[in-house]
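Chain by chain, the residues:
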Amino acid sequence: MNEASPYAPAKVWKWEQENGGEFASTNRPIAGPTHDKERPVGKHPLQLYSLATPNGVKITIMLEELLALGHSGAEYDAWLINIRNGDQFGSGFVEVNPNSKIPALMDHSTKSPTRVFESGAILLYLAEKFGAFLPTEHQARTECLSWLFWQMGSAPYLGGGFGHFYVYAPHKIEYAIDRFTMETKRQLDVLDRHLADHRYMSGDTYTIADMAIWPWYGNVVLNKVYEAAEFLQAETYKNLSRWTHEIAGRDAVQRGRMVNRISGPLEEQLHERHDASDFASKTQDKRQAQNATP
Ligand SMILES: N[C@@H](CCC(=O)N[C@@H](CS)C(=O)NCC(=O)O)C(=O)O
């Protein structure tokens, strides 16, 4: 213990439920379900249980891209899992993801339904299932997978590290913010240098590596995660910015980021998606207008 740090860890850590941080009511040091809740199943082969966080959006972008390419087998129902309400701890959800985190996917087109959890694993599963957005040539495929796994290993420093301490922690801790800002800026520079001479993450073609990285790092540039673009001087990463805007302009990306979204402009929120026509008729602005009509 010293003056700068009055806290000294106890011999044995105890769970204080009221630690004041955001998500304190749902965070737990134990796994497993907290309540019984059946998982809904719709009419399509693929059943997605998710929320439009960056990890969730990776998958809805992939599914919309597959559909745009003409893969009708990628039709899906997207069910809302509100992690602030603890839906990730319902028994039906935990059967699909024992780790209680969105996104989670059930594929009902296989002999017996196949569960897939972890967004990187889901992207790879879908890419292999449909033979799309994953290069087949050995070196290009290896490069794509390297960036996919880079994202899975790196984003927790951006989200769980930087985002947590910059936005969610109950008080601002300079040491923690400095540490994770440093790492986040280093990661932005990794991407910026790579994109200086590559159009997409694994070369000339758009792949699951771009779909994994864009929802996190592209959204930092667009100031849509943590509202930290200015703090991180995101506009100075010119190549990352060029790539971000190119991907943001894709129709499938614009649709994908609306699915299971429960915050932001009402016209961008499609709480659940069960049909392609839902984008035109079931966004929250339309739903509220329908409810308001006498
Ligand atoms: N490595 C996982 C991370 C998933 C994840 O952290 N999901 C968050 C939302 S972005 C979540 O469900 N959090 C709920 C909780 O921690 O209780 C993946 O990429 O799928």
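This write-up is about the structure you can find in this document. (Residues numbered from 1 in each chain as written. Predicted model: local features only at pLDDT ≥ 70, side-chain atom pairs only at ≥ 80, totals over all residues.)

Regarding the packing of helix α1 (residues 54-68) against helix α6 (residues 208-221)
So, step 1. The contact between α1 and α6 brings their axes to 9 Å, and the two run at 140°. With respect to α6, the element α1 is oriented oblique. Of the two possible hands of crossing, α1 and α6 adopt the one that is right-handed. Residues Pro54, Val57, Lys58, Ile61 and Met62 of α1 form the contact with α6, whose own contacting residues are Ile208, Met211, Ala212, Pro215, Trp216 and Asn219. (Axes fitted to C-alpha atoms, helices over the stretch in contact; angles between N-to-C directions. Helix = DSSP H or I, 4+ residues; strand = E, 2+ residues; numbered from the N terminus. Parallel < 35°, antiparallel > 145°, perpendicular 65-115°, else oblique. Left-handed = near helix turned anticlockwise from the far one by under 90°. Contact = placed C-beta atoms within 7 Å.)

A closer look at the site of the ligand
So, step 1. Close to the ligand lie Thr26, Thr53, Asn55, Ile83, Gln88, Ser100, Lys101, Ile102, Pro103, Glu118 and Ser119, which account for all nearby residues.
So, step 2. Of the residues assigned to the shell around the ligand, the class counts are three nonpolar, six polar and two charged. (Near = placed C-beta within 6 Å. Nonpolar A, V, L, I, M, F, W, Y, C, P; charged D, E, K, R; others polar.)

A look at helix α3 (residues 119-130)
So, step 1. Taking 1.5 Å per residue, twelve residues should reach 16 Å; α3 reaches 17 Å between its end C-alpha atoms and fits that length.
So, step 2. Buried residues of α3: Ser119, Ile122, Leu123, Leu124, Leu126 and Ala127, and no others.
So, step 3. Against the buried residues of α3 lie α1, β3 (104-107), β4 (114-117), α4 (138-168) and α6. (Expected span 1.5 Å × (residues − 1). Buried ≥ 20, exposed ≤ 12 C-beta atoms within 10 Å, placed from the backbone.)

Describing the packing of α1 against α3
So, step 1. Where α1 meets α3, the axes come as close as 9 Å, and the angle between the chain directions of the two elements is 10°. It follows that α1 is roughly parallel to α3 by the angle criterion. In contact with Asn55, Lys58, Ile59, Met62 and Leu66 of α1, α3 contributes Ser119, Ile122, Leu123, Leu126 and Phe130.
So, step 2. Residues belonging to the contact of α1 with α3 are distributed by class as follows: seven nonpolar, two polar and one charged.

Here's the deal with the environment of Leu222
So, step 1. Relative to the elements of secondary structure, Leu222 occurs in the loop between α6 and α7 (238-248).
So, step 2. Here the alpha-carbon distance between Leu222 and Ala234, two residues twelve residues apart in the chain, equals 8.5 Å.
So, step 3. Once residues within four sequence positions are removed from consideration, Leu222 is found in contact with Thr244 and Ala248.

As for α1
So, step 1. For α1, spanning 15 residues, the distance from its first C-alpha to its last is 21 Å, which sits close to the expected 21 Å at 1.5 Å a residue.
So, step 2. Burial within α1 is extensive, with 13 of its 15 residues counted as buried.
So, step 3. Looking one or two residues beyond α1, the residue adopting positive phi is Gly70, at roughly 100°.

Here we look at the sheet that holds strand β1 (residues 46-50)
So, step 1. The strand order β2-β1-β3-β4 describes an open sheet built from four strands, whose pairing is mixed. Whereas interior strands pair on both sides, the edge strands pair on one side only; in this sheet they are β2 (76-80) and β4. On average, each strand axis in the sheet is inclined to that of its neighbour by 20°, with strand direction left out of account.
So, step 2. Inspection of the sheet shows β1 paired to β2 by five bridges, in the parallel sense. Along β2, the bridge assignment pairs Ser50 with Leu80.
So, step 3. In the packing of α1 onto the sheet, contacts are made with β1, β2 and β3, and the angle to β1 comes to roughly 155°. (Pairing = 2+ DSSP bridges.)

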